[in-house]
Amino acid sequence: MASFGNFCILFALCLSGYALLAALIGVSQRRQTIVRSAEHAVYAATGAITLALFSLLYLLLTDDFSVSHVANSSSRELPVFFKIAAIWGAHDGSMLLWVFFTSLFCALVVWLNRFRHRDMMPYVIAVLMIDLGFFLCLNVFISNPFTQLAQVFPDGSYQSFLPTDGRGLNPLLQHWAMVIHPPVLYLGFIGFLVPFAFAIAALITRQLGDTWIRTTRRWTLLTWLFLGIGLILGGKWAYVVLGWGGYWAWDPVENSSLMPWLVSTAFLHSVIVQERRGMLKIWNMLLVIITYLLGIFGTFITRSGIVSSVHAFAASNLGQFFIIYMSAVLGVSLILVASRLQYLKSERRLDSILSRESAFLFNNLILVVACFAILWGTMFPVLSEWIRDTQITVGPPFFNNINVPIGLLLLLLTGVGPLFAWRKTSLESLRKAFLLPSIFAVATCAAVLAAGVRNFSFVVCMTLCTFVLVTIVEEFYKGTRIRMSSRGENPLLAAVNLTLKNRRRYGGYIVHLSIIFMFVGFAGNVFNQEASGRLAKGAELTIKDYSLKMVDYREGAGSNYQYRRAVLDVYKDGKRIRTLEPEQRMFTAGQQQTTTEVALHSTPKEDLYLVLAGVSRDGSVDIKAFVNPLVFWIWFGAAVMFFGALIALIPEKGRIGSTQPELAGRQTAGVNPGV
Amino acid sequence: MQANNNLAPPSDFNSPFGKAALDGILLKEPRFRFRHKEGRDSLMNNVSAKAKFVLGGVVIVAALGWLGFVGFEESKAYYITVDEYAALTEPREGRVFKLAGDVVAGSIDRSKPQMEFIIASNNKEILVRYVGKDIIPDTFRDGSTALVEGSAAPDGTFHARHIEAKCASKYEAEYDKRTTS
């Protein structure tokens, strides 16, 4: 089965090479049939990779430990669910999953556009196949998941080797959020390939109007959503599994998935400016290219071991290939953009600083600065080693100092942006639009101050959240009112119809709403409290208004681990509310690692978060307790974000992008100096 | 200026989400109305709008840069291995280090109020006292690769405020691999 899988990926590599050549030959010879054969090769490659994935799954389910990936990431007693997850439990297999997703996207793009964009598609296919081919090469030659173990004797001969059991899946990964987190994140990284491929094809064919943006708008949004959900799942996992009381630590790997998300958020907004006003064309091109590269860069950070991280895979020798690939992509893309500048001229200029365009511009500026700062902080150890020969690391204070103000500025723009008109806003209309949100915001500010809160960021955050919330509610209210009076619908129906008729706009507002919830959750951070103590049976630990009484200590065994568990009664204001059981697990297979099972009492107001830090010989337990206010709202916000993005994603009837190829230069007729 | 006074309140027809959003509510504004007046006046405005944006951008970026610099100075740490630390000739006081090394088996002493252990690399060792408050990670144990962040104490030990640890990957080193094909 291992040889079969190996054959499949090798065959897929050949097919992707063929598809690349056929697409290019087809377009240069203007022969549709050759392009068609390239498309068929894309389907075939996807089929082959799917078979390879299934053979790896088969190897894992049948406990074939002669295969190194299986031996490294699975074991006999691992539950079936986690055996499936073991596909992406170690580096080699996760690369296969990556390639599998890439090929699925490629096939989907080819199929969806089989009757459309015929002049662009060959180039799209070529770009897709270069990406797929690159990762397949890595999969076949560098990190092959079908590699088998062998024992080498001193005289150089070797024989195959079959361990009796595998190392087992890394216990930290044996958690539901961690099982879905990598695939979702991969979808989020890989999906940006599609807008990138269309952008490059548009550059080559000089069709630099709205076609490529219209075609890829939904892809971008979907990918952005996957990446966002992947980030949140990662945070959730860190929160409940790593047991240090938080969900985000500015770790290089976390940063590397946040960066493309920030740039793609910028892109989602600046695209609107291009659609509406024909501005920012070069900028959008650059954003797409950067987003795609940051996706690759994230993989590079995670897998090359260039910066140390708790999340990273063991260092592998992939680094140089990534650097070559990324440089080549960047170089070729920039040359292409430079050679097409005349087609990327802005159709209009910025009329006023008080305009929607200007708000979008600031939004873009800030998001890109945030991304750059994070990139700088993440790569600083590497940079400083190049320049001064010592690695200097930077910690959370650097990232927080920059990103907290950036977050607040963005929040402000989220509220203010929609109040501005396109082109120019009169002060009169601004005064009208700002009145109600400002009143509520000032009231909130006063209320928070009256409640005794003196933390600057928190007060500003709550004030801005209120401001944005009121602007969004106002938007819905106004639209609903108009529908009610013009169509006689009842309020609920009017609101629903309003949203469904303008999905992109109101879906977007719902996403903005989710951002408010998340910011409330983030702001809770400033009131985190912690306490710790060694508790014998019957002893108590107090934190905030909770009191924890240790009632029992137990040991036992789960399916593939042994556990130590403290049982604590939780009292709040003297009243018993529930029992929490923080736990430590010792996994028996392979590395015999210990993991922490956090016990959580979560309410919208705050989380009580308990960790069993250790057990002493006399049976008393070390408990670390945290009270983290408002964390609930982060996960709630994520759910709302998912919902809002889904609404924006559903196609609106009759609004599918034009199927006609645009004529090069038509959009740019007025400004094309060559004509 | 006059020409813009007849613009309706923004939310009535200006959608951040494209023209699709116009349906269902209010106005069917002819789109060309946005394109009027491209004369000399607006050209002057253009320059100043752009200049204002650039000015605003510069102020924002400068402020963030300053905040970043402050945060950087506060949190920078020299990331070196234990033997490099031992070989340092410059004064160690006043600098924050992040030392990488392996935890010497059997050296972890949890009996004292503050945990002590020895980390080593290339036959150089240093005694580390953990003075931080965070939970010691599960991966921290005999033989694991640890990163300790902190500073030199006057008594020659190293006071760590933060510990990261990774399991040593022994298993992979035990077998050589070869591909099947």
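Residues numbered from 1 in each chain as written. Chains lettered and ligands numbered in written order. Predicted model: local features only at pLDDT ≥ 70, side-chain atom pairs only at ≥ 80, totals over all residues. Heavy atoms only, no water.

Brief notes about the overall build of chain A
The condition that has to hold: Only DSSP runs of H or I covering at least 4 residues are called helices, and only runs of E covering at least 2 are called strands; the numbering of each starts at the N terminus. Here's how the labels work: a residue is buried when its accessible area is under 20% of the maximum for its type, exposed when over 50%, partly exposed in between, all with a 1.4 Å probe on protein chains only. Any two residues having at least one pair of non-hydrogen atoms within 4.5 Å are treated as being in contact. Accessible surface is estimated by sampling points in the Shrake-Rupley manner with a 1.4 Å probe; for residues, cover comes only from the protein chains shown.
When its secondary structure is counted, chain A shows 19 helices and 13 strands. Burial statistics for chain A: of 675 residues in total, 61% are counted as buried. Within chain A, counting contacts between residues at least 6 apart in sequence, those at least 24 apart form 72% of the total. With an accessible surface of roughly 26400 Å², chain A has 65% of that area assigned to carbon and sulfur atoms.

Considering the overall build of chain B
Within chain B, the secondary structure is distributed over three helices and seven strands. Going residue by residue from the N terminus, the α and β elements of chain B occur as α-β-α-β-β-β-β-β-α-β. Out of the 181 residues in chain B, the part that is buried amounts to 39%. Intrachain contacts of chain B at a sequence separation of at least 6 include 47% that bridge at least 24 residues. Carbon and sulfur atoms make up 56% of the accessible area of chain B, which amounts to about 10200 Å² in all.

Regarding the pattern of salt bridges
Residues and elements named next belong to chain A. Here is the rule: By convention in these notes, a salt bridge is any Lys or Arg side-chain nitrogen within 4 Å of a carboxyl oxygen on Asp or Glu.
Applying the stated criterion across every chain, the model contains 29 salt bridges over all chains. One salt bridge in this structure joins K605 and E606, with 4.0 Å as the shortest N-O distance. One connected set of salt bridges, linked through shared partners, spans K537, D552, R554, R565, E581, E583, R585 and E597.

Observations regarding the sheet that holds strand β11 (residues 599-602) of chain A
Where strands meet in a sheet, backbone hydrogen bonds hold them as pairs that are either parallel or antiparallel. Residue and element names in this part refer to chain A. Rules: A pair of strands counts as paired when DSSP detects no fewer than two bridges linking them. Lines fitted to the C-alpha atoms define the axes, with helices restricted to the stretch that makes contact. Angles between their N-to-C directions range from 0 to 180 degrees.
In spatial order, the strands read β4-β13-β12-β11; together these four strands make up an open sheet with antiparallel pairing. The open sheet terminates on both sides in strands that have one partner only, identified here as β4 (529-535) and β11. Neighbour-to-neighbour, the strand axes of the sheet open up by a mean angle of 15 degrees, direction not taken into account.

Things to note about the confidence of the model for chain A
Detailed reading of predicted coordinates is not advised where the pLDDT is low. Residues and elements named next belong to chain A. Test applied: The quantity known as pLDDT measures the predictor's confidence residue by residue, on a range of 0 to 100.
Of the residues in chain A, 94% have a pLDDT of 70 or more, and the chain-wide mean is 88. Mean pLDDT values over the elements of chain A span from 78, in strand β2 (residues 158-160), up to 96, in helix α2 (residues 32-61). For the stretch residues 654-675, pLDDT sits under 50, and the model shows 29 contacts to residues farther than four places along the chain or on other chains.

Some remarks on the packing of helix α17 (residues 491-501) of chain A against helix α18 (residues 503-523) of chain A
All names here are of chain A. Applicable threshold: Comment on the angle field: the value is read as roughly parallel under 35 degrees, roughly antiparallel over 145, roughly perpendicular from 65 to 115, and oblique elsewhere. Just so you know the grouping, Ala, Val, Leu, Ile, Met, Phe, Trp, Tyr, Cys and Pro go in nonpolar, Asp, Glu, Lys and Arg go in charged, and all remaining residues, Gly too, go in polar.
The interhelical angle for the contact between α17 and α18, taken along N-to-C directions, is 110 degrees, at an axis separation of 5 Å. The angle between the axes of α17 and α18 places the two elements in the roughly perpendicular class. Packed against α17, whose contacting residues are L498, T499, L500 and K501, the element α18 presents R503, Y506 and I510 at the interface. When grouped by side-chain class, the residues that make up the contact of α17 with α18 number four nonpolar, one polar and two charged.

Considering the environment of N72 of chain A
Residue and element names in this part refer to chain A. In this structure, N72 sits in helix α3 (residues 68-73). On the basis of relative accessible area, N72 is assigned to the buried category, the value being 14%. For N72 and A90, which are 18 residues apart along the polypeptide, the C-alpha to C-alpha distance reads 7.2 Å.

Re the pairing of strand β9 (residues 583-587) of chain A
Regular strands place their side chains on alternate faces of the sheet. Residue and element names in this part refer to chain A. Most of β9 is tucked away: four of the five residues are buried. Pairing between strand β7 (residues 561-572) and β9: five bridges, direction antiparallel. Looking across to β9, one finds that R565 is bridged to E583. Here four bridges tie β9 to strand β10 (residues 594-597), and the two strands are oriented antiparallel to one another. Note that in β10 the partner of E583 across the bridge is E597.

What about the environment of F97 of chain B?
Turning to its location among the elements, F97 of chain B is positioned in strand β2 (residues 97-103). Not counting residues within four places of it along the chain, the set of residues in contact with F97 of chain B comprises A77, Y78, I80, Y85, L88, R92, V148, E149, G150 and F158 of chain B.

Some details on the nonpolar core
Note the cut-off: Residues belong to one nonpolar core when they are buried, are Ala, Val, Leu, Ile, Met, Phe, Trp, Tyr or Cys, and are joined through side-chain atoms within 4.5 Å.
Of all hydrophobic cores here, the largest spans 220 residues; its most connected members are W212 of chain A together with I119 of chain B. When residues in this core are grouped by element, the largest group, 16 residues, is from helix α9 (residues 211-242) of chain A. Grouped together as the second largest cluster of nonpolar side chains are 20 residues, L541, V570, L610 and V621 of chain A included.

Quick word on helix α13 (residues 356-388) of chain A
Along an α-helix, residues three or four positions apart point the same way, because every turn accommodates 3.6 residues. Residues and elements named next belong to chain A. What counts here: Helix span is expected to be 1.5 Å times the residue number reduced by one. In this scheme, the bend at a residue equals the angle between the axes fitted to the seven residues that finish there and the seven that begin there.
Taking 1.5 Å of rise per residue, 33 residues should cover 48 Å, and α13 covers 45 Å from first to last C-alpha, within 8% of that figure. A maximum bend of about 60 degrees is found in α13 at F380, where proline P381 lies one to four positions downstream. One or two residues past the end of α13 sits D389, with phi positive at roughly 70 degrees.

Focus: the packing of helix α5 (residues 91-112) of chain A against helix α7 (residues 176-190) of chain A
All names here are of chain A. Short version of the rule: Crossing handedness is read from the near helix: turned anticlockwise from the far helix by less than a right angle, it gives a left-handed crossing, and turned clockwise, a right-handed one.
Following both chains from N to C, one finds α5 and α7 inclined at 50 degrees, their axes separated by 10 Å at the closest point. Relative to α7, the element α5 is oriented oblique. For the pair α5 and α7, the sense of crossing is right-handed. Contact with α5, carried on its side by S94, L97, W98, F101, T102 and F105, involves P183, Y186, L187, F189 and I190 of α7 and no other residues of that element. Residue composition of the contact of α5 with α7, by class: nine nonpolar, two polar and no charged.

Some details on the pairing of strand β1 (residues 77-81) of chain B
The element β1 of chain B is largely enclosed, with a buried count of four among its five residues. Where strand β3 (residues 391-393) of chain A meets β1 of chain B, three bridges bridge the pair, whose relative direction is antiparallel. Among the inter-strand pairings, I392 of chain A is bridged to a residue of β1 of chain B, identified as Y78 of chain B. Pairing of β1 of chain B with β2 of chain B, which is carried by four bridges, proceeds in the parallel orientation. When the sheet's bridge partners are listed, Y78 of chain B is paired in β2 of chain B with F97 of chain B.

Considering the packing of aromatic side chains
As a reminder of what qualifies: Put simply, two rings from Phe, Tyr or Trp (the six-membered ring, in Trp's case) pair if the centres are within 6.5 Å, and we call them stacked under 30 degrees between planes, edge-to-face over 60, tilted for the rest. Here, a charge over a ring is recorded when the distance from Lys NZ or Arg CZ to the ring centre is within 6 Å and its angle to the ring normal is within 35 degrees.
Under the definition given, this model contains 46 aromatic pairs over all chains. Arranged with centres 6.3 Å apart and planes meeting at 35 degrees, the rings of Y247 of chain A and F522 of chain A form a pair that is tilted. Of this pair, Y247 of chain A sits in the loop between α9 and α10 (252-277) while F522 of chain A sits in helix α18, and the two are 275 residues apart along the sequence. Of the residues examined, F522 of chain A reaches a relative accessible area of 36% and is grouped as partly exposed. Ring centres of Y506 of chain A and Y509 of chain A lie 5.6 Å apart, and the angle between their planes is 70 degrees; this geometry places the pair in the edge-to-face category. Taken as a pair, Y506 of chain A and Y509 of chain A lie in helix α18 at a separation of three residues, close to a single helical turn. Take Y506 of chain A: its relative accessible area is 1%, and that puts it in the buried class. Classification of Y509 of chain A as buried rests on a relative accessible area of 1%. Taken together through their ring pairs, the aromatic side chains of W98, F134, F135, Y186, F189, F297, F300, F322 and Y325 of chain A make up a single cluster. Over the ring of W111 of chain A we find R114 of chain A; its NZ or CZ atom is 4.1 Å from the centre of that ring. Above the face of the Y78 of chain B ring, R95 of chain B is positioned so that its terminal group lies 4.4 Å from the ring centre.

Some words on the side chain of S75 of chain B
For S75 of chain B, the position within the fold is in helix α1 (residues 40-75). Looking at S75 of chain B, the relative accessible area reads 7%, which means it is buried.

So, a nonpolar patch on the surface
All names here are of chain A. In plain terms, the rule: A residue counts toward a patch only above 30% relative accessible area and without a salt bridge, and it is joined to like-charged neighbours within 9 Å or, for Val, Leu, Ile, Met, Phe, Trp and Tyr, to nonpolar neighbours within 5 Å.
A grouping of M1, F4, F7, F11, L51 and Y58 is seen on the molecular surface, where their side chains present a nonpolar patch of about 600 Å² in accessible area. Broken down by secondary-structure element, the contributors of at least two residues to the nonpolar patch are α1 (2-29) and α2. At three residues, the largest contribution of residues to the nonpolar patch is made by α1. One can find F7 in helix α1. For F7, a relative accessible area of 48% translates into the label partly exposed.

Observations concerning α5 of chain A
Between its terminal C-alpha atoms α5 of chain A stretches 32 Å, which fits the 32 Å expected from 22 residues at 1.5 Å a residue. Burial analysis of α5 of chain A places 18 of its 22 residues in the buried class, the great majority of the element.

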